[in-house]
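# Chain and residue survey
Chain residues, written in single-letter form:
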Amino acid sequence: GSWKCETTMPAGAMGPGSPEMKNKTSIKIKKTLDGFAYEGEYNSKKTKEMPAMTGRFVMAWDTARKQIVSVLVDTMGGISQTSGAISGDVATLTGSGSMMGQSMKVREVITTKPGGKELGHTFEADMGNGFQM
């Protein structure tokens, strides 16, 4: 379906000295490959601090490892491949990627809220100093 997201990136998230940034993002997700995967696209509007950004992702279930697998690419040069298990209402995915020309470890946590109409999502990157939002 279609989702609306209010994004907050803490100060320093886009590099040393960068300010806290807030953004509104629209997300569209649909089943693909006969229901074996989900494909999504997100669009963030331009703000004073941040350019507009579009990204695409595919998520699928790896039956052998019993994990979600996710691949993401965006228009700011970001790319990541993560995988991880589901525990209750929380999926924690870890893997690798790159952003702003730098390789990194990445971690995503996706949480479903009661009623199934709301999700929480955090994305963290480790560029050598531990995971940061």
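In the block above lies the structure referred to throughout.
First, a word on scope: everything that follows refers to the structure included in this document. (Residues numbered from 1 in each chain as written. Predicted model: local features only at pLDDT ≥ 70, side-chain atom pairs only at ≥ 80, totals over all residues. Heavy atoms only, no water.)

## Here we look at the overall build of the protein chain
Cut-off, in case you're wondering: The way it works is that DSSP assigns letters per residue, a run of H or I at least four long becomes a helix, a run of E at least two long becomes a strand, and they are numbered from the N terminus. Throughout, the radius of gyration refers to the C-alpha atoms, and the reference size of a globule is 2.2 Å times the residue count to the power 0.38. The rule is simple: take the accessible area with a 1.4 Å probe, protein chains only, and divide by the maximum for that residue type; under 20% is buried, over 50% is exposed, in between is partly exposed. Contacts: residue pairs with any heavy atoms within 4.5 Å of one another.
The helix and strand inventory of the protein chain stands at zero helices and 10 strands. In the protein chain, the order of α-helices and β-strands from amino to carboxyl end is β-β-β-β-β-β-β-β-β-β. Relative to a compact globule of 133 residues, whose C-alpha radius of gyration would be 14 Å, the protein chain shows 15 Å and is just as compact. In terms of its C-alpha atoms, the protein chain occupies a principal-axis envelope of roughly 40 × 30 × 25 Å. Across the 133 residues in the protein chain, those meeting the buried criterion constitute 31%. Long-range pairs, those at least 24 residues apart, make up 18% of the contacts in the protein chain with a sequence separation of at least 6.

## Quick notes on the pattern of salt bridges
Formally: Definition used for salt bridges: Asp or Glu carboxyl oxygen within 4 Å of a side-chain nitrogen of Lys or Arg.
Summed over all chains, the structure comprises five salt bridges. Salt-bridge contacts for Lys30 lead to Glu39; the nearest nitrogen and oxygen are separated by 3.7 Å. With relative accessibility at 32%, the residue Glu39 sits in the partly exposed group. Here Glu124 makes a salt bridge to Arg107, at a shortest N to O gap of 2.7 Å. Linking Glu124 in strand β10 (residues 119–126) with Arg107 in strand β9 (residues 102–112), this pair joins segments that are 17 residues apart in sequence. Residue Glu124 is classed as buried on the basis of its relative accessible area of 16%.

## Considering the packing of aromatic side chains
Here the distance between the centres and the angle between the planes together describe a pair of aromatic rings. Short version of the rule: Pairing of aromatic side chains requires ring centres within 6.5 Å, counting the rings of Phe and Tyr and the six-membered ring of Trp. Pairs whose planes differ by under 30 degrees are stacked, by over 60 edge-to-face, and all others tilted. We call a charge positioned above a ring when the Lys NZ or Arg CZ atom is no farther than 6 Å from the ring centre and deviates by at most 35 degrees from the ring normal.
Considering all chains together, one arrives at zero aromatic pairs under this definition. Note that Arg107 overlies the ring of Phe131, its terminal NZ or CZ placed 3.9 Å from the centroid.

## Concerning the nonpolar core
Our working definition: Here, nonpolar core means buried Ala, Val, Leu, Ile, Met, Phe, Trp, Tyr and Cys residues that are tied together by side-chain atoms lying within 4.5 Å of each other.
Within the largest apolar cluster, 14 residues are counted, with the highest numbers of intra-cluster contacts made by Tyr42, Phe57, Met59 and Leu93. Secondary structure elements with two or more residues in this core: β2 (21–32), β4 (53–62), β5 (67–74) and β8 (90–99). Considering each element in turn, this core owes the most residues, three residues, to β4. In this structure Tyr42 touches Thr25, Ser26, Ile27, Met53, Thr54, Gly55, Arg56, Phe57, Leu72, Val73 and Asp74, once residues within four positions along its chain are discounted.

## Regarding the side chain of Asn23
Heads up, the rule is: The definition of a polar contact used here is a pair of N or O atoms within 3.5 Å, where within protein one atom must be able to donate a hydrogen and the other to accept one, and adjacent residues in sequence count solely through side-chain atom pairs.
With respect to the helices and strands, the residue Asn23 is situated in strand β2. The exposure class of Asn23 is buried, given its relative accessible area of 6%. One polar contact links the side chain of Asn23 to the main-chain carbonyl oxygen of Lys45, over a distance of 3.0 Å. When neighbours within four sequence positions are excluded, Asn23 is seen to be in contact with Cys5, Glu6, Thr7, Ser44, Lys45, Thr47 and Met50.

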